[in-house]
Amino acid sequence: MELNTEEFITEKVNEIVTAVGNGIAINALSGGVDSSVVTMLGHRALGKKLRTVFIQNGLMREGEPEMVKSVFHKLDIAIEIIDAQKEFLAALKGVTDPEKKREAITQIFYKKVFGRIVRESEAKFLLQGTILTDVDETVAGIKRQHNVFAQLGIDPQEAFGYQIIEPLIQLRKDGVRVVGKALGLPEEVFTRIPFPGPALAARIIGEVTEERLQTVRKATAVTERMLSGKGAFQYMAILHEDRVTGMREDRRDFGQQIEIRCWDSVDARTATPTKLPFGVLQKLAVNIIQEVPGIVSVTYNITTKPPSTIEAV
Ligand code: XMP
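From a predicted model like this one, the values you see are computed outputs, not experimental measurements.

What counts as what
- Residues numbered from 1 in each chain as written.
- Predicted model: local features only at pLDDT ≥ 70, side-chain atom pairs only at ≥ 80, totals over all residues.
- Heavy atoms only, no water.
- Near = heavy atom within 4 Å.
- Polar contact = N/O pair within 3.5 Å; in protein donor to acceptor, adjacent residues only side chain to side chain.
- Areas by Shrake-Rupley, 256 points an atom, 1.4 Å probe, with all protein chains shown as cover.
- 1 Å grid on protein atoms, 1.4 Å probe; cavity = no way out; pocket = protein on both sides within 12 Å on 5 of 7 lines; lining within 4 Å.
- Sits in = over half its atoms within 2 Å of the grid points.
- Nonpolar A, V, L, I, M, F, W, Y, C, P; charged D, E, K, R; others polar.
- Pairing = 2+ DSSP bridges.
- Helix = DSSP H or I, 4+ residues; strand = E, 2+ residues; numbered from the N terminus.
- Axes fitted to C-alpha atoms, helices over the stretch in contact; angles between N-to-C directions.
- Buried < 20%, exposed > 50% of the residue type's maximum accessible area, 1.4 Å probe, protein only.
- Contact = heavy atoms within 4.5 Å.
- Core = buried A, V, L, I, M, F, W, Y, C linked by side-chain atoms within 4.5 Å.
- Points joined across faces, edges and corners; volume = space filled by probe spheres on them.
- Left-handed = near helix turned anticlockwise from the far one by under 90°.
- Salt bridge = Lys/Arg side-chain N within 4 Å of Asp/Glu carboxyl O.
- Parallel < 35°, antiparallel > 145°, perpendicular 65-115°, else oblique.

Colleague: I'd love a proper account of the site of the ligand, names of residues and values included.
Modeller: Surrounding the ligand, one finds 17 residues, the nearest of these being Glu137, Lys143, Lys305, Ile310 and Glu311. Within the contact set of the ligand, an oxygen atom lies 2.6 Å away from a side-chain nitrogen or oxygen of Lys143. Contact distances for the ligand include 2.8 Å between a nitrogen atom and a side-chain N or O atom of His146. Within the complex, the protein chains bury 94% of what would otherwise be the 500 Å² of accessible surface of the ligand. The pocket occupied by the ligand, as judged from atoms lying within 2 Å of grid points, is the largest cavity. Looking at side-chain class alone, the shell around the ligand contains five nonpolar, six polar and six charged residues.

Printed below as a string of structure tokens:
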């Protein structure tokens, strides 16, 4: 689709104004590109009638709530941080199947946490940053993206008690970035690497526990620090479930494994592993082993998407 950015913005702002009318709307900002762009669009359309919340679900990367709050404070947009860590962890307890994990996150997010916020605020609309890639893969039955409903025959009004407005549904990631730039988002936000809605839970194979979240969060911080600025589309650390024999301080250690994925892609539909210099990979392994307790093995994915997917869960 040829994108005329200004026309697109005007059209979407009008659509939001018409849909919401005199009511109130809410949007959840995760700090990712899509929800940041929706926050900007929504505020342009609704001003103070849009309440923007950041749900601290305990699955976020290091320092995210602070970073998001400070970026949007500079743009004069107030962000409310809502602590729902206990609810998310409880919903994920004992869940190991990838689709069940996604479903648990969907339910706790849309039904419980958002349902409550919407009831308390009397908002009737949720603005959210679903993009075309999310829809494609869900409809194709590859992955149930956490934020796709209508295309699966689910009516959010019936299921959760509010309507969902999706201004970015025609766009892919490259288009979203262009719109974000035009709306005045800072470069570090509109060029940010994609991050999935289910957050670090999409990067833990097996059960999501507080301890395992801490491990993948630390590994993610090291990976992002070392692979940023290399021109890759997306990069991540994945915590595996099975353990391998390793050694630490001359003793046998049946430890955990981290898999690094780093992707070249334009729109996430297909992707190839970035040809990172071997020295960079070696340094990454050394830093992960030093900084993340319990890890004895670091591997690099060399499979393309398809048949792989970008995230592991
Ligand atoms: P996959 O893993 O399906 O990812 O190849 C394609 C792109 O989408 C992101 N992703 C998600 N985004 N909700 C989202 O909002 C999700 O449930 C989800 N799962 C994957 C992923 O990071 C990649 O950029």
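Read on, since the account is not over.
Colleague: Requested: an account of the sheet that holds strand S3 (residues 79-83), with residues and values cited.
Modeller: Taken in spatial order, the five strands make up an open sheet running S3-S2-S1-S4-S5, and their pairing is parallel. The two strands at the open ends of the sheet, each matched to only one other strand, are S3 and strand S5 (163-165). Put simply, the sheet's adjacent strands are angled 35 degrees from each other on average, direction ignored. In this sheet, strand S4 (residues 125-127) lies alongside strand S1 (residues 25-28) in parallel orientation, the contact comprising three bridges. Following the sheet pairing, Ile26 is matched in S4 by Leu126.

Colleague: Explain the side chain of Ser297 residue by residue, including any values.
Modeller: Along the chain, the position of Ser297 falls in strand S10 (residues 295-300). Classification of Ser297 by relative accessible area gives buried; the value is 17%. With residues up to four places along the chain from it excluded, the contact list for Ser297 reads Val244, Gln256, Gln257, Ile258 and Ile289.

Colleague: Residues and numbers for unusual backbone geometry, please.
Modeller: At the junction of Lys305 and Pro306, the peptide bond is cis and its omega measures out at -10 degrees in the coordinates. Here Pro306 is to be found in the segment after S10. In the segment running from Pro306 into Pro307, the intervening peptide bond is cis, with an omega of 10 degrees. Positioned with a positive phi, Asp76 is a non-glycine residue whose angle comes to about 70 degrees. Its place among the elements puts Asp76 in the loop between helix H3 (64-74) and S3. For Asp76, a relative accessible area of 71% gives the class exposed. With phi around 45 degrees, Glu249 is a residue other than glycine that occupies positive phi space.

Colleague: Pulling in residues and values, what's your account of the nonpolar core?
Modeller: Ile55, Leu59, Phe72, Phe88, Phe114 and Leu168 are the most contacted members of the largest nonpolar core, which has 85 residues in total. Tallying contributions element by element places helix H5 (residues 98-121) first for this core, with nine residues. Excluding its chain neighbours within four sequence positions, the residues that come into contact with Leu168 are Phe8, Asp34, Val37, Val38, Leu41, Gly129, Thr130, Ile131, Leu132 and Val176. Of all hydrophobic cores here, the second largest spans seven residues; its members include Phe233, Met236, Trp263 and Ile310.

Colleague: Before we move on, could you go through the layout of surface pockets and cite the residues and values that matter?
Modeller: A water-sized probe rolled over the atoms picks out the places where empty space is left. Approximately 240 Å³ is the volume found for the largest pocket. For the lining of the largest pocket, the element with the most residues is helix H10 (residues 210-227), which contributes five residues. Classifying every residue of the lining of the largest pocket gives three nonpolar, three polar and eight charged.

Colleague: Break down the packing of helix H4 (residues 85-92) against H5 for me, citing the residues and quoting the values.
Modeller: At a minimum axis separation of 9 Å, H4 and H5 run at an interaxial angle of 145 degrees. Crossing geometry of H4 relative to H5 is assigned as right-handed. Counted together, Glu87, Phe88, Ala91 and Leu92 of H4 and Lys101, Ala104, Ile105, Ile108, Phe109, Lys112, Val113 and Arg116 of H5 form the full contact between these two elements. A breakdown of the residues in the contact of H4 with H5 according to their chemical character gives eight nonpolar, no polar and four charged.

Colleague: Any details on the pattern of salt bridges? Residues and values, ideally.
Modeller: Taken as a whole and assessed by the stated rule, the structure comprises 16 salt bridges. Of the charged contacts in the structure, one is a salt bridge between Glu87 and Arg116, with a shortest N-O distance of 2.9 Å. You can see Glu87 sitting in helix H4 and its partner Arg116 sitting in helix H5, a full 29 residues away along the chain. On the basis of relative accessibility, which here comes to 27%, the residue Arg116 falls in the partly exposed class. Among the ionic pairs, Glu103 bridges to Arg144, the shortest N-O distance being 3.5 Å. Taken together, the residues span a long stretch of sequence, with Glu103 in helix H5 and Arg144 in the loop between helix H6 (132-139) and helix H7 (156-160) at a distance of 41 residues. With relative accessibility at 31%, the residue Glu103 sits in the partly exposed group. Among the charged side chains, a salt-bridge network with shared partners connects Arg61, Glu64, Arg192 and Glu224.

Colleague: Can you tell me about the packing of helix H1 (residues 5-20) against helix H2 (residues 33-46), naming the residues and giving the values?
Modeller: It is the contact of H1 with H2, at a shortest axis distance of 9 Å, that shows an interaxial angle of 60 degrees. The angle between H1 and H2 places the two elements in the oblique class. Note that H1 runs across H2; the crossing there is right-handed. Contact with H1, carried on its side by Ile9, Lys12, Val13, Ile16, Val17 and Val20, involves Leu41, Gly42, Arg44, Ala45 and Leu46 of H2 and no other residues of that element. Classifying every residue of the contact of H1 with H2 gives eight nonpolar, one polar and two charged.

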